[in-house]
Structure formats: C-alpha cells, structure tokens
Amino acid sequence: MADPSTLATITRKVVLVTGANSGIGLALCERLLAEDGEIHLCLACRNMQRAEAAQAALLLSHPGSDINLLRVDVGNIKSVIEAAQEIMQRYQRLDYLYLNAGIMPNPRINLKAFINGLFSSKVISMFATGEGLLTQEDWVTDDGLQQVFMTNVFGHFLLVRMHSF
C-alpha cells in the first residue's frame, strides 16, 4: 500500500505560471492558491530576486503552500529549452500552464510624425486617433527574432512544443 503522503504528492496538480512575480501573474498565483492550497505551484520568472519576493509574499498569505521557482526568460530560446527540460525533470508533467509573461516597451512620441502631421491634411485625424504619433522601440534578439514577438509569443510557443505536457 502506498504511503499517504506520497499519494497526496502524486495527486497534487502541477501548475506553472510564467511571469508570476508581479501584476496579473502574481494575482493569478494568489487566486490559484486561494482556490486550491494543495497544488504544486511553480513561479516561472526571469528575475529571480523578484520571484523570491513574490514567493515570500505568497507564502505569507498561504503558509505551507508548495511554491517553487524556475528561472526562465521566454525572450531567449536557450533559456526556454533549459526551463522545459528542468520542468520535466522536476515534475514529469504539467497539469496547468498559464502563459502570462510578456513585455510592452514604453511607447514614445514620434516627434517627426507629429510635426509632419501638423502641416498635413490629416492633422484632425492625427489628434483624434493618435495614429502615427506613438512608436514602440523593438529590437532583434540574439536568436534573430523581434524581442516583443519572441517574449510574448514565440517563447511560450516553444515552451509548449518542447514537451506535450
């Protein structure tokens, strides 16, 4: 007969949340623990200091919870591959995977577009919609992909494709 503590560990759901150290990801973790304090919760974050702070805060509100940390930068292919391998080593499965991590570079006013728009027939439309006034800086990663796309889409796609959780 199986040891009851081992059986409880086997039947616990394994839940991984990317970008879990702040914002919606942290709120989601709080909600998950409030709903089911028996889950194995894994906070998958790129900044381990912030992840540790989030873990400590969650443990304050949910003492005794099983909360682990995983370093992953979904904006970096090597990091995603290493994290996927670590997940399979640690848990052998995932029951729930919340793909929350993402970036949004700060928008900036495009001064050239603003000045050109002031002296065009589209000035009223420009002020009404803001079209062409705001730009966001994006850059190509070492992996050859735009950073926003890599972080918000492709990194998560790769994480899912690494294993059929």
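Residues numbered from 1 in each chain as written. Predicted model: local features only at pLDDT ≥ 70, side-chain atom pairs only at ≥ 80, totals over all residues. Heavy atoms only, no water.

A.B. asks: So what's going on with the side chain of Ser65? Which residues, and what values?
C.D. replies: Relative to the assigned elements, Ser65 resides in the loop between α3 (48–61) and β3 (66–71). Assessed through its relative accessible area of 14%, Ser65 is described here as buried. A polar atom in the side chain of Ser65 sits 2.8 Å from the backbone oxygen of His62. (Helix = DSSP H or I, 4+ residues; strand = E, 2+ residues; numbered from the N terminus. Buried < 20%, exposed > 50% of the residue type's maximum accessible area, 1.4 Å probe, protein only. Polar contact = N/O pair within 3.5 Å; in protein donor to acceptor, adjacent residues only side chain to side chain.)

A.B. asks: Quick rundown of the packing of aromatic side chains? Include the residues and the values.
C.D. replies: Following the criterion strictly, the structure yields three aromatic pairs and no others. Ring geometry for Phe114 against Phe127: centres 6.0 Å apart, planes inclined by 85°, an arrangement best described as edge-to-face. With Phe114 in helix α5 (residues 111–118) and Phe127 in helix α6 (residues 123–129), the pair connects residues that are 13 residues apart, well separated along the chain. Given a relative accessible area of 52%, Phe127 falls into the exposed group. (Phe/Tyr/Trp six-rings, centres within 6.5 Å; stacked < 30°, edge-to-face > 60°.)

A.B. asks: Requested: an account of a nonpolar patch on the surface, with residues and values cited.
C.D. replies: Residues Ile109, Leu111, Ile115, Leu118, Phe119, Phe127 and Leu134 make up a contiguous nonpolar surface patch of roughly 790 Å² in combined accessible area. Within the fold, Ile115 resides in helix α5. Given a relative accessible area of 42%, Ile115 falls into the partly exposed group. (Patch = residues over 30% accessible without salt bridge, like charges linked within 9 Å, V, L, I, M, F, W, Y side chains within 5 Å. Areas by Shrake-Rupley, 256 points an atom, 1.4 Å probe, with all protein chains shown as cover. Salt bridge = Lys/Arg side-chain N within 4 Å of Asp/Glu carboxyl O.)

A.B. asks: How would you summarise the sheet that holds strand β1 (residues 14–18) if you had to cite specific residues and measurements?
C.D. replies: Spatially, the four strands line up as an open sheet ordered β3-β2-β1-β4, and their pairing is parallel. Strand pairing shows two members of the sheet lacking a second neighbour, β3 and β4 (96–98), which therefore form its edges. Going from strand to strand, the sheet's axes swing by 20° on average, the running direction of each strand aside. By the bridge criterion, five bridges tie β1 to strand β2 (residues 40–45) in an arrangement that is parallel. Residue Thr18 lies in a different strand from β2, and its bridge partner there is Ala44. Lying on the sheet, α3 is in contact with β2 and β3; it crosses β3 at an angle near 170°. Sitting on the sheet, helix α4 (residues 77–91) is in contact with β1, β2 and β3, with an inclination near 150° to β3. (Pairing = 2+ DSSP bridges. Axes fitted to C-alpha atoms, helices over the stretch in contact; angles between N-to-C directions. Contact = heavy atoms within 4.5 Å.)

A.B. asks: Describe the pairing of β2, with residues and values.
C.D. replies: Counted residue by residue, β2 has six buried out of six residues, so it is predominantly covered. With respect to chirality, the unit in which β1 leads through helix α2 (residues 23–35) into the neighbouring parallel β2 is right-handed. Here six bridges tie β2 to β3, and the two strands are oriented parallel to one another. The residue of β3 that forms the bridge with Ala44 is Leu70. Note on the crossover from β2 through α3 to β3: the handedness is right-handed. (Right-handed = clockwise from strand over helix to strand, strands pointing away.)

It is worth stressing that arrangement in space is one thing and function is another; only the former is reported here.
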